[in-house]
Amino acid sequence: MIKEHERIVLTKPLPKEGLEPGDVGTVVHVYEDGQAYEVEFFTLDGQTAAVTTVEASQLRPVGKRDITHTRKLSIKSLAK
């Protein structure tokens, strides 16, 4: 099970938040024995892009062979 403060990789798009598969976030809360997670997504300069609840089937843990990749955030405003 993924724990609080661990990084995750999104595997499904979250269009309302402007998030795409491959985006990396940090778990800030674990719900119901890992069935869902509250995840914070950041821009590379440290601004919060989104904080959202993500089902376990929509993410995976960061792996040893993962590499960071960048893209422009598709939504105009960042979470406050």
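Our subject is the structure that appears above.
An account of the accompanying structure is given in this report. (Residues numbered from 1 in each chain as written. Predicted model: local features only at pLDDT ≥ 70, side-chain atom pairs only at ≥ 80, totals over all residues. Heavy atoms only, no water.)

1. Let's talk about the overall build of the chain
Looking only at helices and strands, the chain features zero helices and five strands. The helix and strand sequence of the chain, counted from the amino end, reads β-β-β-β-β. The C-alpha atoms of the chain give 12 Å as radius of gyration, which agrees with the globular expectation for 80 residues (12 Å, within 12%). Overall, the C-alpha framework of the chain stretches about 35 × 30 × 20 Å when taken along its three principal axes. Across the 80 residues in the chain, those meeting the buried criterion constitute 31%. Considering only intrachain contacts with a sequence separation of at least 6, the fraction spanning at least 24 residues in the chain is 44%. Within the structure as shown, the chain displays about 5800 Å² of accessible surface, and the carbon and sulfur contribution to it stands at 51%. Charge centroids of the chain, computed over 11 positive and 12 negative side chains, lie 8 Å from each other. (Helix = DSSP H or I, 4+ residues; strand = E, 2+ residues; numbered from the N terminus. Rg over C-alpha atoms; globule rule 2.2 N^0.38 Å. Buried < 20%, exposed > 50% of the residue type's maximum accessible area, 1.4 Å probe, protein only. Contact = heavy atoms within 4.5 Å. Areas by Shrake-Rupley, 256 points an atom, 1.4 Å probe, with all protein chains shown as cover. Lys, Arg positive; Asp, Glu negative; His and termini not counted. Charge placed at Lys NZ, Arg CZ, Asp CG, Glu CD.)

2. A closer look at the pairing of strand 2 (residues 24-31)
For strand 1 (residues 7-10) and strand 2, the ladder comprises three bridges, and the chain directions are antiparallel. From the neighbouring strand, Arg 7 faces strand 2, where its bridge partner is Thr 26. What sits between the antiparallel neighbours strand 2 and strand 3 (residues 36-42) is a turn of four residues, in which Glu 32 has the positive phi angle 40°. (Pairing = 2+ DSSP bridges.)

3. Section: the side chain of Thr 48
Note that Thr 48 resides in strand 4 (residues 48-55). A distance of 2.6 Å separates the side chain of Thr 48 from the side chain of Glu 40, its partner in a polar contact. (Polar contact = N/O pair within 3.5 Å; in protein donor to acceptor, adjacent residues only side chain to side chain.)

4. Considering the side chain of Thr 52
Mapping Thr 52 onto the fold places it in strand 4. Using a relative accessible area of 10% as the deciding quantity, one classes Thr 52 as buried. A distance of 3.2 Å separates polar atoms of two side chains, one belonging to Thr 52 and the other to Glu 17. Setting aside residues no more than four positions away along its own chain, Thr 52 makes contact with Leu 14, Glu 17, Leu 19, Tyr 37, Glu 38, Val 39 and Phe 41.

5. What about the pairing of strand 1?
By the bridge criterion, three bridges tie strand 1 to strand 5 (residues 59-61) in an arrangement that is antiparallel. Bridge pairing links Ile 8 to Pro 61 in strand 5.

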